[in-house]
Amino acid sequence: MSHDIWVWVAAFLTLSILSFLYKDNPFYKFAEYLLIGVALGYGIAVTWHSTIIPKIVIPLKEGHQYHLIIPMCIGLLFWARLFPKYAWLSRWPIAFQIGAGVGIGLPLILQADVFKQIQGTILTSAILNNPFNAFSAIVAFVGVVSTLIYFYFSLEHKGVVGGIAKIGIWYIMIAFGAIFGYTVMARMSLLIGRFQFLLHDWLGLMR
Amino acid sequence: MRKLVPLRICLVCGIVMLIQFFIPHNYSQTFFQYALDWLIVCGVFAVVIGLDSNFRLHLTRIIRRKKGWGYSLITMVAVLSVAFIGIKFGIGADSLFMKIYRNVEVPMDATMFSLLGFFMASASFRAFKAKNKEATVLLIIAVLMMLGRIPIGYFMWDKLPNLVEWIMMYPNMAAQRGILLGVGLGAAAMQLKILLGIERGWLGGAGD
């Protein structure tokens with residue numbers, strides 16, 4: 001058995017959360033609320049050390065980057081939301097964040113989610129040279145096109161379009177099955193990790 | 001006025017950031033870095049709004065002694081103490097803060113997510129019925145995916161892991177790529193609508 005107090009704390013909290021499998025109980029509730037509090041406290045401390053100190057305090061104190069006062073003033077307007085009379089002022093920093101975010105994000109989304117995906121789907125002579133690679137690439141190409149057609153609702157899914165959309169459904173089912181199986185396995189590996197911790201680190205029953 | 005100014009701010013900021021993307025010059029890169037810093041600095045202040053919402057909820061429950069107020073007290077004590085320890089004593093690898101993180105948050109997070117494995121298994125047992133061909137395909141692929149990633153799958157058929165890998169790499173990727181293309185086009189259209197002031201949902205909630 002472990003002599004480390006932290007291992008005992010972790011074991012108690014692990015068992016408290018696992019106790020939910022029996023039914024909702026005070027131990028689970030305690031762990032649940034503690035998790036929320038610790039996660040929030042963690043976020044505050046990390047924001048302090050990774051953003052407030054290096055991005056605001058040090059540049060202002062040591063770098064004399066006084067231009068940062070402008071975004072600070074804009075950011076302060078967020079707090080107007082706390083005073084109902086002036087809540088409308090909080091739209092300004094939101095507008096700044098959303099506007100700049102959209103300006104930065106729009107070309108990146110088109111590049112990553114559209115152009116790169118199309119580029120990766122197109123069949124090239126280099127891919128088609130090897131029979132197995134060619135087969136796999138054609139499977140992928142048919143999958144992308146049929147999935148897109150399945151989600152294209154401006155045309156009635158009848159005749160050829162309906163047939164291709166049907167193939168799309170099969171591909172989507174394969175993807176959903178794969179995602180489901182993958183997720184279950186990920187959760188199971190976490191569970192195995194927790195049992196390993198309980199049996200090895202805490203109780204010392206496993207070598 | 002109360003809506004027009006934010007709409008104009010949004011439009012100007014968006015267009016300026018869009019233009020800088022297409023200018024491959026040092027000045028443009030420097031401007032981009034400044035803009036990113038400004039966004040981060042400005043965004044930090046929004047954390048207070050989130051904290052206010054959380055504190056208001058829990059403090060109200062504690063003050064009014066509502067049912068389960070003790071749990072709210074636990075949350076409040078945890079938030080304040082972890083934040084204080086992190087800010088006061090640092091967040092280095094051997095700090096008390098990291099010990100709390102490794103031995104309190106990580107085990108609870110992992111156990112919470114592993115619990116979902118049980119619920120997913122029981123829910124799928126009830127919901128997944130091979131009623132038609134498509135549902136059967138989903139079921140078979142899910143089972144293959146699980147078997148292909150554990151040793152017993154390899155012992156059953158040594159090519160199973162390769163088959164599973166191929167399914168992940170091609171048919172699964174193809175469908176996900178199709179969905180991603182749709183999502184990408186949809187997101188781009190939505191962003192254009194926000195920029196042009198057609199979509200104004202983000203303005204809501206602070207009076208006219």
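Residues numbered from 1 in each chain as written. Chains lettered and ligands numbered in written order. Predicted model: local features only at pLDDT ≥ 70, side-chain atom pairs only at ≥ 80, totals over all residues.

## Points about the overall build of chain B
In terms of helices and strands, chain B carries eight helices and zero strands. Tracing chain B from N to C terminus, the helices and strands come up as α-α-α-α-α-α-α-α. The globule rule puts the C-alpha radius of gyration for 208 residues at 17 Å, and the 25 Å found for chain B is more than 25% above it. For chain B, the proportion of its 208 residues judged to be buried stands at 25%. (Helix = DSSP H or I, 4+ residues; strand = E, 2+ residues; numbered from the N terminus. Rg over C-alpha atoms; globule rule 2.2 N^0.38 Å. Buried ≥ 20, exposed ≤ 12 C-beta atoms within 10 Å, placed from the backbone.)

## Description of the interface of chain B and chain A
Taken together, the 99 residues of chain B in the interface contact 96 residues of chain A. Every element with two or more residues in the side of chain B that touches chain A is listed here: helix H1 (4-21), helix H2 (26-44), helix H3 (46-63), helix H4 (69-89), helix H5 (96-127), helix H6 (133-147) and helix H8 (160-195) of chain B. When residues of the side of chain B that touches chain A are assigned to their parent elements, the largest contribution, 23 residues, is made by H8 of chain B. For the side of chain B that touches chain A, the class distribution of residues is 74 nonpolar, 17 polar and eight charged. (Contact = placed C-beta atoms within 7 Å. Nonpolar A, V, L, I, M, F, W, Y, C, P; charged D, E, K, R; others polar.)

## A word on the packing of helix H1 (residues 5-18) of chain A against helix H2 (residues 26-61) of chain A
Residue and element names in this part refer to chain A. For the pair H1 and H2, interaxial distance at closest approach is 7 Å and the crossing angle is 115°. Here the hand of the crossing between H1 and H2 comes out left-handed. Here H1 contributes Leu13, Ser16 and Ile17 to the contact with H2, which in turn contributes Phe27, Tyr28, Phe30 and Ala31. Residues that form the contact of H1 with H2 fall into these classes: six nonpolar, one polar and no charged. (Axes fitted to C-alpha atoms, helices over the stretch in contact; angles between N-to-C directions. Left-handed = near helix turned anticlockwise from the far one by under 90°.)

## Description of unusual backbone geometry
Unlike most non-glycine residues, His64 of chain A shows phi in positive territory, near 50°. With respect to the helices and strands, the residue His64 of chain A is situated in the loop between H2 and helix H3 (69-76). The phi torsion at Arg65 of chain B lies on the positive side, around 50°, for a residue other than glycine. Structurally, Arg65 of chain B is set in the loop between H3 and H4. Residue Arg65 of chain B is classed as exposed on the basis of its 8 C-beta neighbours within 10 Å.

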